[in-house]
Amino acid sequence: MAGLDDSLAQHAHAVAQTVRETLGEWRTRPPASNEAALSELVAYVARDIAPSP
């Protein structure tokens, strides 16, 4: 097994942080459906891993 390169490790950390924050927000504002929840998470993950301009 090899460790993650720095870029991939940073992406993984950002995604994990976003998921934690989103789950916390859902305690007070739950998503309307499972599909809505997945769409929201996918959008946040795409934002987190998109290359910086």
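You'll find the structure just up there.
These remarks concern the structure in this document. Because the structure is predicted, anything quoted here is derived from the model rather than measured.

Attention shifts here to the overall build of the protein. Summing up its helical and strand segments, the protein has 2 helices and 0 strands in all. A compact globule built from 53 residues would reach a C-alpha radius of gyration of about 10 Å, whereas the protein, at 13 Å, exceeds it by more than 25%. Its C-alpha atoms put the protein at 40 × 25 × 15 Å along the principal axes. Here the protein holds 53 residues, and the buried ones make up 15% of them.

Our next topic: the environment of threonine 18. You can see threonine 18 is positioned in helix 1 (residues 6–28). Each residue touching threonine 18, except ones within four places of it in the same chain, is listed here: Tyr44, Arg47 and Asp48.

Okay, helix 2 (residues 34–49) next. The end-to-end C-alpha separation of helix 2 is 22 Å, in line with the 22 Å expected for 16 residues at 1.5 Å each. The complete set of buried residues in helix 2 reads Ala37, Glu40, Leu41 and Asp48. When helix 2 is viewed along its axis, its buried side chains cluster within an angular range of 95° and face the same direction. Facing away from the buried side of helix 2 by over 90 degrees, the exposed positions are Glu35, Leu38, Val42 and Arg47.

Cut-offs used in this document
- Residues numbered from 1 in each chain as written.
- Predicted model: local features only at pLDDT ≥ 70, side-chain atom pairs only at ≥ 80, totals over all residues.
- Heavy atoms only, no water.
- Helix = DSSP H or I, 4+ residues; strand = E, 2+ residues; numbered from the N terminus.
- Rg over C-alpha atoms; globule rule 2.2 N^0.38 Å.
- Buried < 20%, exposed > 50% of the residue type's maximum accessible area, 1.4 Å probe, protein only.
- Contact = heavy atoms within 4.5 Å.
- Expected span 1.5 Å × (residues − 1).
- Arc of directions from axis to C-beta.

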